[in-house]
Amino acid sequence: MDLGLQGKNAIVTASSKGIGKACAETLAREGCNVMLCSRNSINLIPVADEFIRNYGTNIQWFECDLKKADHIEALVKETFRVFGSIDIVVNNCGGPPSNFILNYKEDDWDNAYREILLSVVRITNLVIDSMRENNFGRIINITSVTVKQPIQRLVLSNVFRNAIVGFAKTLANEVAPFNITVNNVAPGYTLTKRVYDLAVEQSRLTGKSHEEILHSFTQDIPMKRLGKPEEVGDLVAFLASVRASYITGQTIVIDGGYVKSLI
Ligand code: NAD
């Protein structure tokens, strides 16, 4: 299937590692020009070099802390400057810390609100007029299975990712007449550095090996394995494509069957 992504311009946020990197890589492989971003150029430069070597499209990077409005403004401005237009936005971010509810300080709530929810609102506000003028756009938000089934000790995800779902559905209806689609991708346990580090931390606390901990994560997953970041990348590339032109306002779970609900 030709996804029709050749020559499209994309921003993928939080894309130096993990799921964000995999989404950026799939888009680059399919012929997109991609703006990468994360807080630190040391992590971005090798990723950009690798994609340029492997895929030959226009790959750019920009240092951006998604918690900060002026960073996001600068990121979007630079993307318009280098690409001329923005067709696709993949809104990804760093994962919030895990804890019991009463242990979070107000700053934790504020940071999670700004990084998880407000960054999506801010980027959308900066790109949507141009997408309307071009009569084309794809906005894809990386959320989590927590939008279907809350996970204990991840209340910041349980709360703010659901807010994204409300935002995305409302936005999807507003911009549908302009051929702009807005969808959410909700990954389950996916083997990235974040999940690996989580296993190492739990290994330290429990005395079990990190392999045992990673194995224990798979026990509630009917497929009995963790997801691969590139599997999320493939779904995102399809939603970004011209082939997904009639899918909007949806949340698509990619979790090996982990979520227990019917819909
Ligand atoms: P990861 O830690 O492997 O990568 C996170 C990326 O975000 C890195 O590139 C990092 O540099 C960047 N980042 C972190 N804070 C940032 C900030 N303030 N500004 C800009 N960039 C920032 O994480 P991952 O596992 O790929 O997860 C990505 C997202 O998907 C997270 O929000 C996570 O909660 C969510 N998620 C992950 C899983 C999973 O199992 N891996 C499952 C569901 C949801």
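Quick note: structure is the one above.
Here the structure is a predicted model, which means the values were calculated and not measured.

A.B. asks: Outline helix 8 (residues 229-240), supporting the account with residue identities and numerical values.
C.D. replies: End to end, helix 8 covers 16 Å across 12 residues, agreeing with the expected 16 Å (1.5 Å per residue, within 8%). Turning to helix 8, its buried residues number three or more, namely P229, V232, G233, L235, V236, A237, L239 and A240. Close packing links the buried residues of helix 8 with helix 1 (18-29), strand 4 (88-91), strand 5 (137-142), strand 6 (180-187) and strand 7 (251-254).

A.B. asks: Summarise the site of the ligand; cite the residues concerned and give the values.
C.D. replies: S16, I19, R161, T190 and T192 are the nearest of the 28 residues found near the ligand. The contact in question runs from an oxygen atom of the ligand to an N or O atom on the backbone of C93, over 2.8 Å. Within the side chain of E115, a nitrogen or oxygen atom sits 3.2 Å from a nitrogen atom of the ligand. Notes on the ligand: free accessible area 830 Å², of which the protein chains cover 92%. Mapping the ligand onto the cavity grids shows that it belongs to the largest pocket.

A.B. asks: Hey, could you go over empty space enclosed by the protein for me, with residue numbers and the actual values?
C.D. replies: Using the criterion set out here, one finds one cavity of 30 Å³ or more in the structure. Taken as a whole, the largest cavity spans an internal volume of roughly 40 Å³. In terms of lining residues, the largest cavity is bounded by N91, N92, C93, E115, I116, S119, V120, I142 and I164. Among the elements that make up the lining of the largest cavity, the one with the highest residue count is helix 4 (residues 106-134) (four residues). Residue composition of the lining of the largest cavity, by class: five nonpolar, three polar and one charged.

A.B. asks: Please provide a residue-by-residue account of the packing of helix 1 against helix 8, values included.
C.D. replies: As a packed pair, helix 1 and helix 8 sit with axes 8 Å apart at the nearest point and diverge in direction by 50 degrees. The orientation of helix 1 with respect to helix 8, classified from their angle, is oblique. Where helix 1 crosses over helix 8, the two elements pack in a sense that is right-handed. Contact residues: helix 1 offers G18, I19, A22, C23, T26 and L27, while helix 8 offers P229, E230, V232, G233, D234, V236, A237 and A240. Along the lines of polarity and charge, the residues of the contact of helix 1 with helix 8 split into nine nonpolar, three polar and two charged.

A.B. asks: An account of the environment of Y113 is needed here, citing residue identities and associated values.
C.D. replies: Within the fold, Y113 resides in helix 4. Ignoring any residue separated from it by four or fewer positions in sequence, one finds Y113 in contact with L118 and F160.

A.B. asks: How would you explain the layout of surface pockets if you had to name every residue and give the values?
C.D. replies: Considering only enclosed or pocket space, the largest pocket measures out at about 1,600 Å³ in volume. Lining the largest pocket are 48 residues, and of these G94, G95, P96, R194 and V195 lie nearest its centre. Among the elements of the structure, helix 1, helix 5 (155-175) and helix 6 (193-206) are those that each provide at least two residues to the lining of the largest pocket. Broken down by element, the residue count for the lining of the largest pocket peaks at nine residues, all from helix 6. Looking at the lining of the largest pocket residue by residue, the class counts come to 17 nonpolar, 20 polar and 11 charged.

A.B. asks: Could you give an account of the packing of helix 1 against helix 2 (residues 41-55), with specific residues and numbers?
C.D. replies: In the contact formed by helix 1 and helix 2, the axes pass within 10 Å of each other and the chain directions differ by 25 degrees. By the angle between their directions, the pair helix 1 and helix 2 is classed as roughly parallel. Relative to helix 2, helix 1 is oriented so that their crossing is right-handed. Taken together, the residues of helix 2 that come into contact with helix 1 (itself represented by K21, A24, E25, A28 and R29) are V47, E50, F51 and Y55. Of the residues that constitute the contact of helix 1 with helix 2, the class distribution is five nonpolar, no polar and four charged.

Analysis parameters
- Residues numbered from 1 in each chain as written.
- Predicted model: local features only at pLDDT ≥ 70, side-chain atom pairs only at ≥ 80, totals over all residues.
- Heavy atoms only, no water.
- Helix = DSSP H or I, 4+ residues; strand = E, 2+ residues; numbered from the N terminus.
- Expected span 1.5 Å × (residues − 1).
- Buried < 20%, exposed > 50% of the residue type's maximum accessible area, 1.4 Å probe, protein only.
- Contact = heavy atoms within 4.5 Å.
- Near = heavy atom within 4 Å.
- Polar contact = N/O pair within 3.5 Å; in protein donor to acceptor, adjacent residues only side chain to side chain.
- Areas by Shrake-Rupley, 256 points an atom, 1.4 Å probe, with all protein chains shown as cover.
- 1 Å grid on protein atoms, 1.4 Å probe; cavity = no way out; pocket = protein on both sides within 12 Å on 5 of 7 lines; lining within 4 Å.
- Sits in = over half its atoms within 2 Å of the grid points.
- Points joined across faces, edges and corners; volume = space filled by probe spheres on them.
- Nonpolar A, V, L, I, M, F, W, Y, C, P; charged D, E, K, R; others polar.
- Axes fitted to C-alpha atoms, helices over the stretch in contact; angles between N-to-C directions.
- Parallel < 35°, antiparallel > 145°, perpendicular 65-115°, else oblique.
- Left-handed = near helix turned anticlockwise from the far one by under 90°.

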